[in-house]
Amino acid sequence: MVVVALSGMTLSMGGIREANAAPLPPAGHVDLTYAAEKALPAVVHIKYVQTSKVQSVDVQSDPFEDFFNDPFGFFGNPGGSGKGGTQRRQVQTPRREASGSGVIISNDGYIVTNNHVVDGADELTVTLNDNREYSARIIGTDPTTDLALIKIDASGLPSITVGDSEKLKVGEWVLAIGNPFNLNNTVTAGIVSAKARSLYANGVESFIQTDAAINAGNSGGALVNTNGELVGINAMLYSQTGSYSGYGFAIPTSIMTKVVDDLKRYGTVQRALLDIQGQDVHNYIDLQRSRGEEVDLGTNEGVYVAKVNEGGAGSDAGLVEGDVIISLDGKPVTKMAELQEVLASKRPGDKVHIVFLHNKKRQEKTVTLKNAQGNTGIVKPADLDVLGASFKELDDAKKRQLGISYGLEVIKVNNGALKDAGVVKGFIIQRVNDEVVRSLDDLQKIVKEASTSKEPVLYIQGVFPTGKKKYFAIPLEEQ
């Protein structure tokens, strides 16, 4: 190759480039064997079992069912009424098995995986790279980020080195390691295709996108860099067929590290909020243009503030609708996923420096982040496992919609007392055992009292999103 030195540039047969540009990588192929050998022993196979259960479910009955099936009641059909409508029936659910992956992060048996890998499991079995098997227990889960922490009783285990996902660069080589289709210890290679992707699958997300093949069973496995360091937890694939088609997504360690630490220390994630609603600036501009309106926000990047909740950190910072957040905690913010990634590393009480545009003019403010309850206290885990559901306090819009001033919305229903009773996602709990329920603390207190009483029953009153009121009597197992 002929190279001619010029002032400030290097001219070669390959073209012109600046002399102070990053050096070209050495010629030759990329060797990923070191990374694979280092990371493989720490990636495990997780077997999920949901045992068969007898559950009460609502079924739509036939008004003539009793007459034709058992007209004289010889068979003692207790579910039939002969009147039609909804009835409670006892059904046997089938045994379910599934599998996924996990990553050992400490030699005493802590393993990170996806929440959706362990959600609803009655039994978890972990198989190591050397085929040793252990029963695992769940330490904590966080559906908002789709992460879970489980543990096996063992010591001296091979653990992975946790790397810094913020240092990842687009185009950098990575390996995806897991157990797709129950094919244990599978390694695929690719590059970082993009960072801070949002798929709107979880409440908090800033995915690393990669073209390393990720398939069913890879969930919870490791995304590692060329040093064999963990940079992400493989979470999902984008596909119209259900199999790999070029797009895989991993939760970055910048989010994972904080979630895992919170689950170990507090039993639940201490989530810091700005308490605003927003969207990517370019999406907002595109939406307005589609409506025939031209918008000038002073920037084409950042987070457009659509709503500021009163009393939150965003309100304290002086944010109002129409402002654009361009930096948080010294880090540029070009889209919502980047804002979420910064916040995901914080706890209530942390101070952050926020830079935003108001009427296209730059403003700066240091604010204290708060939790969902609007304060900086430690959030304690709700002792609500027996209910088998997740809840959130009502926002102002929902209150106005339903004409109510308080309540807890059921945002997810797993196996448990609520599902058995027929409570569904979206139902709003307002009173339990004749006590008003405004917060998770209220519900936790009532459940604890009821579960230790002589009559462990919850009498729940509430309303569906349609406005229809409903009453449930839910027996609890004594704790």
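Coordinates for the structure precede this section.
Cut-offs used in this document
- Residues numbered from 1 in each chain as written.
- Predicted model: local features only at pLDDT ≥ 70, side-chain atom pairs only at ≥ 80, totals over all residues.
- Heavy atoms only, no water.
- 1 Å grid on protein atoms, 1.4 Å probe; cavity = no way out; pocket = protein on both sides within 12 Å on 5 of 7 lines; lining within 4 Å.
- Points joined across faces, edges and corners; volume = space filled by probe spheres on them.
- Helix = DSSP H or I, 4+ residues; strand = E, 2+ residues; numbered from the N terminus.
- Nonpolar A, V, L, I, M, F, W, Y, C, P; charged D, E, K, R; others polar.
- Pairing = 2+ DSSP bridges.
- Axes fitted to C-alpha atoms, helices over the stretch in contact; angles between N-to-C directions.
- Contact = heavy atoms within 4.5 Å.
- Phe/Tyr/Trp six-rings, centres within 6.5 Å; stacked < 30°, edge-to-face > 60°.
- Buried < 20%, exposed > 50% of the residue type's maximum accessible area, 1.4 Å probe, protein only.
- Lys NZ or Arg CZ within 6 Å of the ring centre and 35° of its normal.
- Salt bridge = Lys/Arg side-chain N within 4 Å of Asp/Glu carboxyl O.
- Polar contact = N/O pair within 3.5 Å; in protein donor to acceptor, adjacent residues only side chain to side chain.
- Lys, Arg positive; Asp, Glu negative; His and termini not counted.

*Asks:* Mind laying out empty space enclosed by the protein, listing which residues take part and the relevant values?
*Replies:* What the rule picks out here adds up to two cavities of 30 Å³ or more. Roughly 50 Å³ of volume is contained in the largest cavity. Lining the largest cavity are Thr145, Val204, Ile255, Lys258, Val259, Val269, Gln270, Arg271, Ala272, Leu343, Ala344 and Lys346. Sorting the residues of the lining of the largest cavity by element identifies α4 (253–265) and α7 (336–344) as the ones contributing at least two each. Ranked by the residues each element gives to the lining of the largest cavity, the list is headed by α4, at three residues. Along the lines of polarity and charge, the residues of the lining of the largest cavity split into seven nonpolar, two polar and three charged. Roughly 40 Å³ of volume is contained in the second largest cavity. In terms of lining residues, the second largest cavity is bounded by Val43, Val44, His45, Thr127, Leu128, Asn129, Asn131, Asn179, Asn184 and Asn185. When its residues are assigned to classes, the lining of the second largest cavity shows three nonpolar, seven polar and no charged.

*Asks:* Give me the lowdown on the sheet that holds strand β14 (residues 207–210), citing residues and values where you can.
*Replies:* The strand order β12-β13-β14-β17-β16-β15 describes a closed barrel built from six strands, whose pairing is antiparallel. Taken pair by pair, the neighbouring strands of this sheet meet at an average axis angle of 45 degrees, ignoring direction. One ladder, built from three bridges, connects strand β15 (residues 222–224) with strand β16 (residues 230–238); its direction is antiparallel. Across the sheet, the residue bridging to Ala222 is Ile233, located in β16. Contacting β16 and β17 (247–252), α4 crosses the sheet at an angle of about 45 degrees to β17.

*Asks:* Go over the packing of aromatic side chains with me, naming the residues and quoting the values.
*Replies:* What the rule picks out here adds up to five aromatic pairs. An angle of 65 degrees between the planes, with centres 4.9 Å apart, marks the rings of Phe427 and Phe464 as edge-to-face. Remark: Phe464 occurs in the loop between β28 (457–463) and β29 (469–475) and Phe427 occurs in the loop between α9 (417–421) and β26 (428–432); sequence separation between them is 37 residues. Of the two residues, Phe427 and Phe464, both sit in the buried class. Site record: aromatic cluster; members linked through ring pairs are Phe427, Phe464 and Phe472. Here Lys151 stacks its cationic end above the ring of Tyr110, 5.3 Å away from the centre of that ring. Over the ring of Phe472 we find Lys470; its NZ or CZ atom is 5.6 Å from the centre of that ring.

*Asks:* Give a description of the pairing of strand β10 (residues 133–142) that names residues and reports values.
*Replies:* Examined bridge by bridge, strand β9 (residues 123–127) and β10 share three bridges and lie antiparallel to one another. Following the sheet pairing, Thr127 is matched in β10 by Glu133. In this structure, the hairpin formed by β9 and β10 is closed by a connection of five residues, where Asn131 is found at a positive phi of approximately 75 degrees. Relative to strand β11 (residues 147–152), β10 runs antiparallel, the two sharing six bridges. Looking at the pairing, Ile138 lines up with Ile150 of β11.

*Asks:* Give a description of the pattern of salt bridges that names residues and reports values.
*Replies:* Taken as a whole, this structure holds 17 salt bridges when the rule is applied. Of the charged contacts in the structure, one is a salt bridge between Asp130 and Arg132, with a shortest N-O distance of 2.9 Å. In this structure, Glu435 and Lys445 form a salt bridge, with 3.9 Å as the shortest nitrogen-oxygen distance. With Glu435 in strand β27 (residues 435–436) and Lys445 in helix α10 (residues 440–451), the pair connects residues that are 10 residues apart, well separated along the chain.

*Asks:* Kindly report on the side chain of Asn179, identifying the contributing residues and their values.
*Replies:* Relative to the helices and strands, Asn179 is located in the loop between β12 (173–178) and β13 (186–197). Looking at Asn179, its side chain comes within polar contact range of the main-chain oxygen of Val44, at 3.0 Å. Apart from residues no more than four positions distant in its own chain, Asn179 is found in contact with Val44, His45, Gly100, Ser101, Asn184, Asn185, Ala216, Gly217 and Asn218.

*Asks:* Describe the sheet that holds β10, naming the residues involved and giving the relevant values.
*Replies:* Reading around the barrel, the six strands line up as β4-β7-β8-β11-β10-β9 and close back on themselves, with antiparallel pairing between neighbours. Averaged over all pairs of adjacent strands, the angle between their axes in this sheet comes to 40 degrees, without regard to strand direction. When strand β4 (residues 43–50) meets strand β7 (residues 96–104), the two strands line up antiparallel, connected through eight bridges. The residue bridging Ile46 from the neighbouring strand is Gly100, located in β7.

*Asks:* Before we move on, can you summarise the layout of surface pockets with the specific residues and values?
*Replies:* Unfilled space is identified by rolling a water-sized probe across the atoms. In this structure, the second largest pocket spans a volume of roughly 230 Å³. Of all elements in the fold, only β13, β14, β21 (331–332) and α7 reach the threshold of two or more residues within the lining of the second largest pocket. Residue contributions to the lining of the second largest pocket peak at three residues, all from α7. Looking at the lining of the second largest pocket residue by residue, the classes come out as six nonpolar, two polar and five charged.

*Asks:* Give a detailed account of unusual backbone geometry, specifying residues and quantitative values.
*Replies:* In this structure, Asp146 takes a positive phi of about 60 degrees despite not being glycine. Mapped onto the elements of the fold, Asp146 is located in the loop between β10 and β11. Residue class for Asp146 comes out buried when judged on its relative accessible area of 5%. Located in the positive-phi region is Asn182, a residue other than glycine, with phi close to 65 degrees. Here Asn182 shows up in the loop between β12 and β13.

*Asks:* Summarise the side chain of Lys335; cite the residues concerned and give the values.
*Replies:* Checked against the element boundaries, Lys335 lands in the loop between β21 and α7. Salt bridges are absent for the buried Lys335, whose nearest opposite-charge side chain, Glu338, sits at 5.2 Å. Ignoring sequence-local partners within four residues, the contact set of Lys335 consists of Lys195, Ala196, Asp280, Gly302 and Val303.

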